[in-house]
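# Breakdown of the fold
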Amino acid sequence: MGLLAISCAASGIPMRKEEQMLMLKDFSSSPSRAADPELALVGAALFVEQTFGIELSDADICAGNLGSAAVLERFVLARTGKR
Amino acid sequence: MCGICGFVSRSGEPDADLVLRMMGRLAHRGPDGSGYYRDEVAALGHTRLAIIDAAGGVQPLSNEDGRVWISFNGEIFNYVELAEELKARGHRFRTASDTEVVVHAWEAWGPECFRRFNGQWAIALWDRGRGELALSRDPSGILPLYYCSTPKRFLFASEMKAIFADPSVPRSFDPAGMAELFSFWCPVAPRTPYAGVQELEPGHWAVLRNGGLEKRAYWQASFPPAGEEPSQDIVENGRRLREKLVEATRLRFLRSDVPVGAYLSGGIDSSVTAAVIAKYTGAPLRTFSLRFADAEFDEGAYQEEMARRLGTEHLSVEVSAADIAGVFPEVVWHGEKPILRTAPAPLYLLSRLVRRSGYKVVVTGEGSDEVLAGYDIFREARVRAFLARDPGSTMRARAAELLYPWMLRSPGKAPSFARAFFGKNLDPSDPALSHRPRWDSTEALRRMLDPGFRAAIESLRPDEELVARMPAGSEAWDPVARAQWLEFTTLLPGYILSAQGDRMLMGNSVEGRFPFLDAGVMDLANSFPSRHKLLGLDEKHVLKREFADLVPESILHRPKQPYRAPDASSFFQGGRPEWLDGLVSEGALREAGVFDPVPVAALFAKCAAVGGRGMSNTDNMRVVAVVSTQLAHRHFIAGEGSGPAAKPAPEPLKAFDMLKR
């Protein structure tokens, strides 16, 4: 069991790293992602805000942060790790 | 399941003819026999659908000394375990029925017994010694229970039509109940569409004592504050959900003395329940499905795929628009309330198939959408919360387009409309943020109301009243949990389990069993973080995750298709039913006094011109609302001439008449 706990701003409670990674994995493997690339980014933004409590600006909603499973994971870890 | 009825007299001996008439109105709920009990003060009636202990379970039934009598509709699935516990406490049993367990449990534990029951029920217990009548209803409101207090008597029954068997009960629409119906799709218990008739709230029990009714909740949907859910681990929560759901399904399949079938809708919920039965009981299974002649509504390919995978003996009924129109008067007779969609009608035809196939019990996946956040309204709530964080954001505004990529007439096909529709009234502090678009849409009905009726309801604010009923502390719940509470309180008991559930099943004397509405399953799911139920916009995520071994990928991850049926087109496609013109004539509309004949005539002319095809969602809703309201008026207010002929209480009839001894 991982000891790393990451604060979730939406809830103010710790989310274990394993749980966080599972959520990211489940989201990235979900077949319901939109085909339209911009819409897919919006869907990812909604997921990130509501699952991890990370507040995003319009500038954050871009392929560089949310455009693939790998960058999404890096972005979430970076933003939650900063808190 | 069965039908229960009765009354406590306020003046004179109870009228045996009245209780027999009430039982006759409930003959469809219990065609296997009937019985009544009568003493100097009270009468209890019962019509029986014999499922457990066919020989010994005749009702009404009493405790050992004849002091407590019961009329019981439902199933207590843990009755075997409770009977053992009660026997150990010295209770003596004469039958092997769950009904007798209820009587002894009431004696042993009082109202605490309702927390111990795992099941679905509507119960009337008459304590002859104390002169008290207790009523109780299951946690989620699977089974109905109505009551009415008049100067002559306090009446109760499974269906309102049995209460209307008493000619002294006044008959009129209740503006407050109708105002709720024109907001939430259904009145919210205790209100009904009819003045003076009330419904016991789900999860409540009540006692009639010294002429007054006292009510208490023994269960209600509750959620932990967001972020304080006891387990944040989706793997652990999934494992526990599977354990509970398997046990709930097994109990509902195995605790029966008659064969039990299962519905297969083509969606994930009924696929899970049927697959669990197949895997964990090993028993042969017969499955039943609803097909639509119109491909827009049909899910046949998925149903057949699941049936093949499970190797069930599979039967289906194909329903056309004309079939819906053909049974619609019966549907409203059984449902008793105006409805805004025809969707109950095909389910009535499905339960007819079940009954004609020799089955009288089915397990279904109903309740999963409420318990595990499967409905679109929860996804809409997510999107609206996302929009509300920055209403000026052009990027966020596109989130509305994520909602309905599958639907032909989807707002998602018209992005600007979707943004406007879901972007209205975005007050993040509004506890009902999730439900405003639905309620606003339904309120379009008010514009067609008769001016007098509109005046009677225009000062009423059912939305504010409902929000004021939200539990203390709910402001700390996750927004999805608040939306779930609203669904548990309004649409689930008032429409899904009633107009579309119990009534359509019992109209053909078929009992439904609902594993997802097991109180243990509900309590567990309510304790999950909302992300486990709705991950981003992926509904019922934990269910899909946990049952991926039992349900094929094609069903598990298919875009959700809410159950719908042809609405306005049912009455106009290929010729209208012969009863329609008289039903919505100016004279009939003025007599009912709910809808204004002028806009109704314009709406129906518009419908007739296009055969009911291609109408907007609002116009579809308006047509069904007008037709069903007029039928409800004809059946229950103007008289009963258009309903099925009054029947006698089903034979064999057993009388426990203390006044004839």
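Computed from a predicted model, the values in this text were never measured in an experiment.

### Comments concerning the overall build of chain A
Across its full length, chain A holds four helices and two strands. Secondary structure elements in chain A, listed N-terminal to C-terminal, are β-β-α-α-α-α. Expressed as a percentage of its 83 residues, the buried residues of chain A come to 35%. Pairs at least 24 apart in sequence give 42% of the contacts found in chain A among residues at least 6 apart.

### Overview of the overall build of chain B
Looking only at helices and strands, one finds 30 helices and 18 strands in chain B. Over its C-alpha trace chain B gives a radius of gyration of 24 Å, about what one expects of a compact globule, namely 26 Å for 661 residues. C-alpha atoms of chain B, sized along the principal axes, occupy 80 × 60 × 50 Å. Counting across all 661 residues of chain B, residues that qualify as buried make up 55%. For chain B, the share of sequence-separated contacts (at least 6 apart) that also reach a separation of at least 24 residues comes to 73%.

### A closer look at the interface of chain B and chain A
Taken residue by residue, the interface counts 22 residues in chain B and 26 residues in chain A. Elements with a minimum of two residues in the side of chain B that touches chain A: α13 (376–388) and α24 (541–546) of chain B. For the side of chain B that touches chain A, the residue count by class is eight nonpolar, six polar and eight charged.

### A closer look at the sheet that holds strand β10 (residues 197–199) of chain B
Note on sheets: strands pair through backbone hydrogen bonds, and any given pair is parallel or antiparallel. Residue and element names in this part refer to chain B. Spatially, the seven strands line up as an open sheet ordered β10-β8-β9-β1-β3-β2-β18, and their pairing is mixed. Looking at which strands have only one partner, the edges of the open sheet turn out to be β10 and β18 (653–657). Across the sheet, the axes of successive neighbouring strands diverge by a mean angle of 15°, strand direction being ignored. As judged from the seven bridges shared by strand β1 (residues 2–9) and strand β3 (residues 42–48), these two strands associate in the antiparallel manner. What sits directly across from Gly3, in β3, is Thr47.

### What about the domain arrangement of chain B?
Residue and element names in this part refer to chain B. As assigned here, chain B comprises domain 1 (2–219), domain 2 (234–371 + 490–556) and domain 3 (568–638). For domain 2 and domain 3, the distance between their C-alpha centres works out to 30 Å. With 16 residues of domain 2 at the interface, the matching set in domain 3 holds 17 residues. Residues belonging to the side of domain 2 that touches domain 3 are distributed by class as follows: 11 nonpolar, two polar and three charged.

### Structural notes on the nonpolar core
Residue and element names in this part refer to chain B. Ranked by size, the top nonpolar core spans 223 residues in total, and within it Ile70, Ala124, Leu135, Ala157, Ile163 and Val362 carry the most contacts. Ranked by residues supplied to this core, first place goes to helix α30 (residues 617–638) with nine residues. When sequence neighbours within four positions are dropped, the list of residues in contact with Ile163 reads Tyr146, Cys148, Leu155, Ala157, Val169 and Val197.

### Quick word on helix α6 (residues 175–184) of chain B
All names here are of chain B. Of all 10 residues in α6, eight are buried, a share of seventy percent or more. Turning to α6, its buried residues number three or more, namely Gly177, Met178, Ala179, Glu180, Leu181, Phe182, Ser183 and Phe184. Residues of α6 that are buried make contact with α16 (436–442), α17 (451–457), α18 (462–468) and α20 (491–496). Positioned one or two residues after α6, Trp185 has a phi angle of 85°, which is positive.

### Concerning the environment of Glu199 of chain B
Residues and elements named next belong to chain B. Tracing the chain through its elements places Glu199 in strand β10. Sequence separation between Glu199 and Gly33 is 166 residues, and the spatial gap between their C-alpha atoms is 26 Å. For Glu199, the contacting residues outside a window of four places in its chain are Pro144, Leu145, Tyr146, Ala189, Pro190 and Thr192.

### Some remarks on the sheet that holds strand β4 (residues 61–62) of chain B
Residues and elements named next belong to chain B. Read from one edge to the other, the open sheet built from six strands follows the order β4-β5-β6-β7-β11-β12, with strand pairing classed as antiparallel. Strands with a single pairing partner mark the edges of an open sheet, and in this sheet they are β4 and β12 (212–217). Sheet topology places strand β5 (residues 68–76) next to strand β6 (residues 119–127); nine bridges connect them, and they run antiparallel. The residue of β6 that forms the bridge with Ile76 is Gly119. Contacts from helix α3 (residues 98–109) reach β4, β5 and β6, with the element oriented near 120° to β5.

### Some thoughts on helix α29 (residues 597–610) of chain B
All names here are of chain B. For α29, which comprises 14 residues, the first-to-last C-alpha distance of 20 Å matches the rise-based estimate of 20 Å (1.5 Å per residue) to within 8%. Taken together, the buried positions of α29 are occupied by Val600, Phe604 and Cys607. The buried residues of α29 all sit within an arc of 55° when viewed along its axis, so they share a single face. The exposed set on the far side of α29, more than 90 degrees from its buried face, consists of Val598, Ala602, Ala605 and Ala609. Buried residues along α29 sit in contact with α26 (568–572), α28 (586–592) and α30. Note on α29: the residue one or two positions beyond its end, Gly611, has a positive phi of about 65°.

### Some details on the packing of helix α7 (residues 234–254) of chain B against helix α22 (residues 519–526) of chain B
All names here are of chain B. Where α7 meets α22, the axes come as close as 9 Å, and the angle between the chain directions of the two elements is 165°. Relative to α22, the element α7 is oriented roughly antiparallel. Relative to α22, the crossing made by α7 is left-handed. Where α7 abuts α22, its residues Arg240, Leu241, Lys244, Leu245 and Ala248 lie against Gly520, Val521, Leu524 and Ala525. Its residues assigned to classes, the contact of α7 with α22 shows six nonpolar, one polar and two charged.

### A look at the packing of α7 of chain B against helix α8 (residues 268–281) of chain B
Residues and elements named next belong to chain B. It is the contact of α7 with α8, at a shortest axis distance of 9 Å, that shows an interaxial angle of 80°. The angle between the axes of α7 and α8 places the two elements in the roughly perpendicular class. When α7 is examined against α8, the residues Leu245, Val246, Thr249, Arg250, Phe253 and Leu254 are found in contact with a partner set consisting of Thr273, Val276, Ile277, Tyr280 and Thr281. Grouping the constituent residues of the contact of α7 with α8 by class yields seven nonpolar, three polar and one charged.

### Overview of the pairing of strand β11 (residues 204–209) of chain B
Residue and element names in this part refer to chain B. In this structure, strand β7 (residues 132–137) lies alongside β11, joined through four bridges in antiparallel fashion. Bridging from a neighbouring strand, Leu135 pairs with Ala206 of β11. Pairing of β11 with β12, which is carried by six bridges, proceeds in the antiparallel orientation. Bridge pairing links Ala206 to Lys215 in β12. The hairpin formed by β11 and β12 contains two residues between the paired strands, and Asn210 there has a positive phi angle of roughly 50°.

### Describing the environment of Ala609 of chain B
Residues and elements named next belong to chain B. With respect to the secondary-structure elements, Ala609 resides in helix α29. Ala609 sits in the exposed class, given 9 other C-beta atoms within 10 Å. Here the alpha-carbon distance between Ala609 and Phe572, two residues 37 residues apart in the chain, equals 8.9 Å.

### What to know about unusual backbone geometry
With the exception of glycine, most residues fall at negative phi, and the peptide bonds are largely trans. Residues and elements named next belong to chain B. Look at the link from Ala189 to Pro190: it is a cis peptide, with omega at 15°. Its location among the elements puts Pro190 in the loop between α6 and β10. Although it is not a glycine, Trp185 adopts a positive phi angle of roughly 85°. Along the chain, Trp185 falls in the loop between α6 and β10.

Analysis parameters
Residues numbered from 1 in each chain as written. Chains lettered and ligands numbered in written order. Predicted model: local features only at pLDDT ≥ 70, side-chain atom pairs only at ≥ 80, totals over all residues. Helix = DSSP H or I, 4+ residues; strand = E, 2+ residues; numbered from the N terminus. Buried ≥ 20, exposed ≤ 12 C-beta atoms within 10 Å, placed from the backbone. Contact = placed C-beta atoms within 7 Å. Rg over C-alpha atoms; globule rule 2.2 N^0.38 Å. Nonpolar A, V, L, I, M, F, W, Y, C, P; charged D, E, K, R; others polar. Pairing = 2+ DSSP bridges. Axes fitted to C-alpha atoms, helices over the stretch in contact; angles between N-to-C directions. Domains from an automatic or database assignment. Core = buried A, V, L, I, M, F, W, Y, C linked by C-beta atoms within 7 Å. Expected span 1.5 Å × (residues − 1). Arc of directions from axis to C-beta. Parallel < 35°, antiparallel > 145°, perpendicular 65-115°, else oblique. Left-handed = near helix turned anticlockwise from the far one by under 90°.

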